[in-house]
Structure formats: C-alpha cells, structure tokens
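Fold and contact review
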Amino acid sequence: MPPHDSSSARAPEPEGRGQSAGPARQVLSDSVYEQIKAMVMDHEIAPGARVGIEALSRALGVSPTPVREALARLESDGLVVKRSLSGYRATELLTREGLEELFEMRLLLEPRAAALAAINATEEQLDAIERLVEEMQTHPGPTGRYADYRDFAALDQRFHDAIAVASQRPLLADAVERLHSHLHVFRLRSVRSADDPTLAEHERVVRAILRRKPDRAAEAMAEHLTRSLQRQLSQDPKS
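Keep in mind that what you see is a predicted model, and the values were worked out from it rather than measured. (Residues numbered from 1 in each chain as written. Predicted model: local features only at pLDDT ≥ 70, side-chain atom pairs only at ≥ 80, totals over all residues. Heavy atoms only, no water.)

1. Side note on the overall build of the protein
Threshold: The secondary structure listing takes helices from DSSP runs of H or I that are at least 4 residues long and strands from runs of E that are at least 2 residues long, numbered from the N terminus. Per-residue accessibility, obtained with a 1.4 Å probe over protein chains only, is compared with the maximum for each type, and a residue is labelled buried under 20%, exposed over 50%, and partly exposed between these values. Residues are treated as being in contact if the distance between any of their heavy atoms lies within 4.5 Å. In these tables, accessible area is a Shrake-Rupley quantity obtained with a 1.4 Å probe, and a residue counts as shielded only by the protein chains included in the view.
A count of helical and extended segments in the protein gives ten helices and three strands. Of the regular secondary structure in the protein, the N- to C-terminal order runs α-β-α-α-β-β-α-α-α-α-α-α-α. Of all 239 residues assigned to the protein, the portion counted as buried reaches 41%. For the protein, restricting intrachain contacts to residue pairs at least 6 apart in sequence, the fraction spanning at least 24 positions comes to 75%. Accessible surface, the protein as shown: approximately 13,300 Å² in total, 51% of it carbon and sulfur.

2. Focus on the UniProt feature "coiled-coil region" (unreviewed entry) in the protein
Just so we agree on the cut-off: UniProt positions are given in the numbering used here, feature names are shortened, and annotations may be inferred rather than shown by experiment.
Mapped onto this numbering, the UniProt entry annotates "coiled-coil region" (unreviewed entry) at residues 112-139. Annotated as 82% helix and 0% strand, the span residues 112-139 places its first and last C-alpha atoms 28 Å apart.

3. Focus on the confidence of the model for the protein
As a reminder, the rule being used: Confidence of the prediction at every residue is given by pLDDT, a number between 0 and 100.
When pLDDT is averaged along the protein, the result is 87, and 85% of the positions lie at 70 or above. Across residues 1-19 the pLDDT falls below 50, and counting only partners more than four positions away or on other chains, this stretch makes three contacts in the model.

4. Some thoughts on the sheet that holds strand β2 (residues 80-83)
What counts, and what does not: If DSSP finds at least two bridges between two strands, the strands pair. Axes here refer to lines fitted to C-alpha atoms; in helices the fit is confined to the stretch in contact. Angles between the N-to-C directions go from 0 to 180 degrees.
Spatially, the three strands line up as an open sheet ordered β1-β3-β2, and their pairing is antiparallel. Looking at the sheet topology across the chains shown, the edges are occupied by β1 (50-51) and β2. Sheet topology places β1 next to strand β3 (residues 87-90); two bridges connect them, and they run antiparallel. Looking at the pairing, Arg50 lines up with Arg89 of β3. Packing of helix α3 (residues 64-77) onto the sheet brings it into contact with β1, β2 and β3, and relative to β2 it is tilted by some 110°.

5. So, the pattern of salt bridges
For the record, the criterion: Every case where a carboxyl oxygen of Asp or Glu lies within 4 Å of a side-chain nitrogen of Lys or Arg is listed as a salt bridge.
Enumeration over the complete set of coordinates arrives at twelve salt bridges. The partner of Arg145 in a salt bridge is Glu44, with the nearest N and O atoms 2.3 Å apart. Here the residue Arg145 occupies a position in the loop between α5 (123-136) and α6 (146-166), and Glu44 occupies one in the loop between α1 (17-41) and β1, the gap between them amounting to 101 residues. Taking relative accessible area as the criterion, Arg145 reaches 44% and is therefore assigned partly exposed. With relative accessibility at 47%, the residue Glu44 sits in the partly exposed group. One salt bridge connects Arg212 with Glu123, and the closest N-O pair in it is separated by 3.4 Å.

6. A look at the pairing of β2
Note that β2 and β3 share four bridges and pair antiparallel. Directly across from Arg83, in β3, lies its bridge partner Gly87.

7. Focus: α5
We apply this condition: Given the number of residues in a helix, its expected span is that number minus one, multiplied by 1.5 Å.
Here α5 spans 20 Å end to end across 14 residues, near enough to the 20 Å set by a 1.5 Å rise per residue. Check the buried side of α5 and you find it contacts α4 (96-120), α6 and α9 (198-210).

8. Let's talk about the side chain of Arg187
Quick note on the threshold: In this tally, Lys and Arg are treated as positive and Asp and Glu as negative; His is ignored, and so are the chain termini.
Note that Arg187 resides in the loop between α8 (181-186) and α9. This buried residue, Arg187, is left without a salt bridge; Glu92 holds the nearest opposite charge, at 6.8 Å. Discounting chain neighbours no more than four positions away, the residues touching Arg187 are Val40, Met41, His43, Pro47, Leu79, Ala90, Thr91, Glu92 and Leu93.

9. Comments concerning the packing of aromatic side chains
For any pair of aromatic rings, the description consists of the separation of the ring centres together with the inter-plane angle of the planes. What counts, and what does not: Stacked, tilted and edge-to-face are the three classes applied to pairs of Phe, Tyr and Trp rings, where Trp contributes its six-membered ring and a pair requires centres within 6.5 Å; stacked means planes under 30 degrees apart, edge-to-face means over 60, and tilted covers the rest. The rule is short: NZ of Lys or CZ of Arg within 6 Å of the ring centre and within 35 degrees of the ring normal puts a charge over the ring.
Going through the model one piece at a time under the given rule, you end up with three aromatic pairs. Taking the centre distance of 6.3 Å and the plane angle of 65° together, the rings of Phe152 and Phe186 count as edge-to-face. With a gap of 34 residues between them, Phe152 in helix α6 and Phe186 in helix α8 connect regions that are remote in the sequence. Residue classification places Phe186 among the buried positions, given a relative accessible area of 4%. In this structure an aromatic cluster arises from ring pairing among Tyr146, Tyr149, Phe152 and Phe186. A cation over a ring is seen here: Arg73 above Tyr33, with NZ or CZ 3.8 Å from the ring centre.

10. Some words on the packing of α4 against helix α7 (residues 170-178)
Worth spelling out the cut-off: Convention used here: angles under 35 degrees read as roughly parallel, angles over 145 as roughly antiparallel, angles from 65 to 115 as roughly perpendicular, and any remaining angle as oblique. By convention, the crossing between two helices is left-handed when the near helix turns anticlockwise from the far helix through less than a right angle, and right-handed when the turn is clockwise. Three residue categories are used. Nonpolar comprises Ala, Val, Leu, Ile, Met, Phe, Trp, Tyr, Cys and Pro, charged comprises Asp, Glu, Lys and Arg, and polar comprises the others, including Gly.
It is at 10 Å that the axes of α4 and α7 come closest, and there the two elements cross at 135°. If you check the angle between α4 and α7, you find them oblique. Considering how the two elements wind past one another, α4 and α7 form a crossing that is left-handed. For the pair formed by α4 and α7, the contact residues are Leu109, Glu110, Arg112, Ala113 and Leu116 on the first element and Leu172, Ala175 and Val176 on the second. Looking at side-chain class alone, the contact of α4 with α7 contains six nonpolar, no polar and two charged residues.

Below, the structure is given as structure tokens:
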C-alpha cells in the first residue's frame, strides 16, 4: 500500500472563499481609497495635515489594513507623503512656482507625445481617444466637490495618458502618467465657467491626431497646456 498522502485528505476550502474573498477585498480596498482620496481633494484632510491610520479606520468603519493600502496608493499618486517618524501627511498644495514647473514638464513631454501619436497610433487607439473626448462632454467639470467631478477628472487624465501611450514610446508614456497632473491641478479647486474651453481644446488635439498631422497635433497640445496654465494662474493660487 502506498504511503498515505496527507495533502489529499485536506478538507476542501469553504465554497467561495478563494473565489469571492479576493474580489470582495479589492472592492473594499478601492472604496476606501476613493473615500480618502475625496477627503484629500476636498481638503477635508487639510494640505500638510497628518493622516492618522487609526482615526481613518474608525471614521470609515473599516480595519486599518485597507486604510494602509489606500494610503500607499495615494502616496504613489503624490497626494500623501510618508515620513519615517510621523507617518503619513497630505502633501501641500502646489505653489505658483510648483504649478509653473509642472506645466513646464508637461510642455516638454505632451506635445511630443501628441506628434508621435499622430504618426504611430493604431486605429483602435484613435477610436479610444475619440471616445474619451465624447464621454467627457457628458460629465460636469470641477465646479463642486470632488465626488461631483471625479469622472471628469479621471477622463481628463485618461485622455492625456491615452495620447502618450499611442505615441508608442513607453518611457514617454510612463513619464506623462507619473506626473499625476490632473490630481494636483484639480486639487487647487479652481472654478470653471460653463463656457470652459478645455473640451474644445481637446477636440483640436484629437482632430490633428486623427488627420495624422504631427506638427499640428504638437501645436494644438502646446496651445491647450499653455492656456490651461494661464487659466490656473488667473485663479491666483497661494504661494
């Protein structure tokens, strides 16, 4: 008789434990992340303020684990920073100089990405970029709380990231994504009017890319970013 294999005699895992626990945990993690992110974006957690894991855990009615996971993601987003002795703190708002430096980086990267996208984008990528602009038209801009314009902000970032990916330059696309520019800019809480030109500027960029005109695509992107910076500076962010 062959030796008894204890592994074959193990009790079966409870039904759903390995199948549903993972997705359910991910849903909770995502929910906690979005809640804390909204608190930071709306300044319920003030810029520069300490972010307490235990306090957030109690406030949200969850264990500390998803809070820690959320803060790690927010650190990657650039919305919180971890200090060795004091834990997490919300990052400070961009100063006028910081805003100008952010757009300086974008102007170095994104017009080039748009030009390359006009040359290299696949038809599927072109369709996806065009759909993003169409979808943005159905969402309100940042005129209230973050929960009200979260979809618009996400679509705005996806639009710029999608163009960078379509450039077929992975390092360039990674650099654009890592700026997390939409979070830092929208966190300044600038108020947009009903006739905000952002969507029209996006459409000009897309038209140039669809027509495979790299010079015009670069020009349209540079124009959009320059005007976006001017609009932000007109709000006179605190330095």
